[in-house]
Amino acid sequence: MTAAVEEPVEPVEVAVPERPRTFRRGKGLVGLVLVGVVVLLGLVGPLLWQWDAYQQIPGANLLGPSATHPLGTDDLNRDVLARLLAGIRVDLLISLTAVPLGALIGCAIGALATVNSVLDVAVQRLFDVLLAFPQLILAIGLAAVIGPGTGSVLIVVVSVEIPVFGRLLRAAVLRVRESQYVTAAEVVGGRRAHILRQHVLPNSLEPVLVQLALSMSVAVFVEGAMSVLGIGVTPPSPSLGAVLTTSLRYLDLNPLFAIGPLAVTAVLVLGFQLIAQAANAARGA
Amino acid sequence: MTRYVLRRAPSALVVLWLSSVLIFLVLRAIPGDAATAMAGPDATPETIAAIRHDLGLDLPVVTQYLHWLGGLFTGDLGRSYLIGGDIADLVGTGLGNTVVLTATALLIAVLIALGLGPLWAATRNRWVDRVLTAFHTAAVALPTFVTGVVLIIVFGVFFRVLPTGGIPPKGMVDRLDITAQYLVLPAVCLALPVAGVLTGFLAETLRGELRQDYVTTVLAAGVRRRAVVYRHALRGALPVAITTLGLQTGALLGGAVLVESIFSWPGLGLLVEQGITRRDYPLVQVLLMLSVTVFVLVQLLTDVIHAALDPRIRLGAQS
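A quick note: this is a predicted structure, and the numbers were derived from the prediction, not measured.

1. A short note on unusual backbone geometry
Argument step 1. A cis amide bond links A:P235 with the next residue in sequence, A:P236, at an omega value of 5°.
Argument step 2. By the secondary structure assignment, A:P236 is in the loop between α7 (192-228) and α8 (240-248).
Argument step 3. A positive phi angle is found at B:S264, which is not glycine, with a value near 50°.
Argument step 4. With respect to the element layout, B:S264 can be found in the loop between α11 (249-263) and α12 (268-277).

Here's what the structure looks like:
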């Protein structure tokens, strides 16, 4: 009987799933709270507030702040707070539908590009061209074609996000594919589709999640910017950008008019940004 | 170096060409057609036909495209229907104002970044670090239209120390002090996001640079920390800073449109906004192409400068 010589085994690093602490303190927590407050305002606010966003109140033209109208009334006798609360909903709707949709399409195209090299070149060029248009310039070009409106804002956000997520996922897949555990799975004889689904895709999604938070803030930015340029959500629909744009005409008369949309936009955008920063830091750690 | 440029340039040209096709086709895809949209709801068929002929829309699409492309090179861009005047003249005037605005903003951004970036990287004071972190997050995240309106409210409405929009009245354009008053708010507004991003990248790169062995050596030799940051580490961080700046061109172009709109600064951004709201498609087409061209060329320039500063890129990419 020959005793088998025990080969020293090199320790293998195993990723131990850690409970996510990122959002329990610091930037992550602050970000979640900021976004949470705005979401809550948007969900509950319009139900509780006495005025309706479209209701024209007789005799209440461009009033200053008061107990009945804390943010005043606008040029069409509507309560600014009511419009602001309803506007939050529109912005959240745009962020929460257009960004995931753009991400989904972008990721699908990006993943597809990694399969075939001819396809890859074609997709890369397509993304180059799309990214050659700065966000707002793309918005302007598209709005020129399809006209202003909530639909345009949605389409612009989706088109802006497709190349962003496409490139991100493509790069991540290419990187993950080179990693040891994928090689190991290949050596063991795992089928290509199985490896892609079980190993490559889940591990490529991390940067995508960070980008999702960032892109939410981009969506709020695009909505506001398009409203300021007169190609956003069409009146009488309220949105953060629409309320802000109306207030710009009356800054001299009532500067507080603008404070509401400014504050909510800032809080929302900062919140998303902080969440993205925290998630990114957690990834690196 | 020349070889690097020659290798990098074709892909930029391809992107530009594809963009031109895209811009051209997309504005042909307007429901109805451009002439109907431009003529307005109560135009007679004759008017529409006249506009269509004037715009060359009755010609074959390929001819239209080649004609338009030729115009881009020769400067024969046609007339702006709704604003009046030659498109080339309009674009020329607007371009001048936009260049003044963006150049000032860029200068402000670079100065802020050069001041705060090294400070942030080298500081050991917790409060300085916190303040700079807050500045960075706010500057990067806050949309231009938010900071712009806040600037207007604070300096134009409450304190009334600065004009809130427009350019100096005629006859005062030559007075530098007055022009500066009109320029400062929009330029600062446009500069802030770029300054934030640039400060962040600069600080991060400098921190990495400060961990290098050569820095330890220089510090051990008795050179003061500040001198090390500015004289040694900053040089190593320069290529990254320039690339970052190049990548910010898009934000700067889009930002300029917004800032010009908010502050009524009569540049290309205001022109493009007017073009869109009045459905002046020939004008919009030219402006879109111009902005894409600037964007792509600046990216190319950035890569070339980066390669010139960092031999690893120009040689590494060769093999």
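2. Brief notes about the packing of helix α6 (residues 180-188) of chain A against α7(A)
Between two packed helices, what matters for the description is the angle formed by their axes and the separation of those axes.
Residues and elements named next belong to chain A.
Argument step 1. The interhelical angle for the contact between α6 and α7, taken along N-to-C directions, is 180°, at an axis separation of 11 Å. Judged by the inter-axis angle, α6 sits roughly antiparallel to α7. Packed against α6, whose contacting residues are Y181, V182, A185 and E186, the element α7 presents I195, H199, V200 and N203 at the interface.
Argument step 2. Split into classes, the residues belonging to the contact of α6 with α7 amount to 5 nonpolar, 2 polar and 1 charged.

3. A short note on the pattern of salt bridges
All names here are of chain A.
Argument step 1. For the structure on display, the rule yields 5 salt bridges over all chains.
Argument step 2. A salt bridge links R78 to D74, with the shortest nitrogen-to-oxygen separation between them at 3.0 Å.
Argument step 3. R78 sits in the buried class, given a relative accessible area of 7%.
Argument step 4. Judged by its relative accessible area of 3%, D74 is buried.
Argument step 5. When the shortest N-O distance is used, the salt bridge between D128 and R125 registers 2.6 Å. Taken together, the residues D128 and R125, both in helix α3 (residues 117-131) and 3 residues apart, mark about one turn of the helix.
Argument step 6. Through salt bridges that share partners, D74, R78 and R83 make up one connected network.

4. Details of α3(A)
Argument step 1. End to end, α3(A) covers 21 Å across 15 residues, agreeing with the expected 21 Å (1.5 Å per residue, within 8%).
Argument step 2. Buried within α3(A) we find A:D120, A:V123, A:Q124, A:F127, A:D128 and A:V129.
Argument step 3. Among the structural elements, α2 (80-113) and α5 (150-177) of chain A together with α1 (2-28) of chain B are those in contact with the buried residues of α3(A).
Argument step 4. For α3(A), the capping residue at the N-terminal end is A:N116, with a side-chain oxygen 2.7 Å from the backbone nitrogen of A:V118.

5. Some words on the interface of chain B and chain A
Argument step 1. Each partner contributes residues to the interface: chain B has 46 residues there, and chain A has 34 residues.
Argument step 2. When chain B packs against chain A, the two sides together hide about 3,400 Å² of surface, and 84% of this comes from carbon and sulfur.
Argument step 3. Taken together, the connections running from chain B to chain A amount to 0 salt bridges.
Argument step 4. Taken together, the connections running from chain B to chain A amount to 0 residue pairs in polar contact (both at pLDDT 80 or more).
Argument step 5. Of all the secondary-structure elements, those providing two or more residues to the side of chain B that touches chain A are α1, α6 (126-141), α7 (144-158), α11, α12 and α13 (281-309) of chain B.
Argument step 6. Here the residues of the side of chain B that touches chain A sort into 34 nonpolar, 10 polar and 2 charged.

What counts and how
Numbers given for residues are sequential positions, taken from 1 along each chain in its written order. Whichever chain is written first is A, and whichever ligand is written first is 1; the rest continue in order. Residues qualify for local features only when their pLDDT is at least 70, as the model is predicted, and side-chain atom pairs are given and counted only at 80 or more; totals for whole chains, interfaces and linings, by contrast, use all residues. Heavy atoms from the whole structure form the basis of all side-chain values; hydrogens and water molecules are not counted. Only runs of H or I of at least four residues qualify as helices and only runs of E of at least two qualify as strands under DSSP, and these elements are numbered from the N terminus. Interaxial angle, 0 to 180 degrees, is taken between N-to-C directions of lines fitted to C-alpha atoms, where a helix line uses only the stretch in contact. Note on angle classes: values under 35 degrees are labelled roughly parallel, values over 145 roughly antiparallel, values of 65 to 115 roughly perpendicular, and the remainder oblique. Residues count as neighbours in contact if any of their non-hydrogen atoms are within 4.5 Å of one another. Basically, the charged four are Asp, Glu, Lys and Arg, the nonpolar ten are Ala, Val, Leu, Ile, Met, Phe, Trp, Tyr, Cys and Pro, and anything else, Gly included, counts as polar. Put simply, a salt bridge is a Lys or Arg side-chain nitrogen that is within 4 Å of an Asp or Glu carboxyl oxygen. Only protein chains enter the accessibility calculation, which uses a 1.4 Å probe; a residue whose area is less than 20% of its type maximum is buried, one above 50% is exposed, and one in between is partly exposed. To estimate the expected span of a helix, subtract one from its residue number and multiply by 1.5 Å. In protein, a polar contact means a hydrogen-donor-capable atom and an acceptor-capable atom, both N or O and within 3.5 Å, with residues adjacent in sequence counting only if both atoms are side-chain atoms; elsewhere, any N or O pair within 3.5 Å suffices. Two parts placed together each lose some accessible area under a 1.4 Å probe, and the buried area is that loss summed for both.

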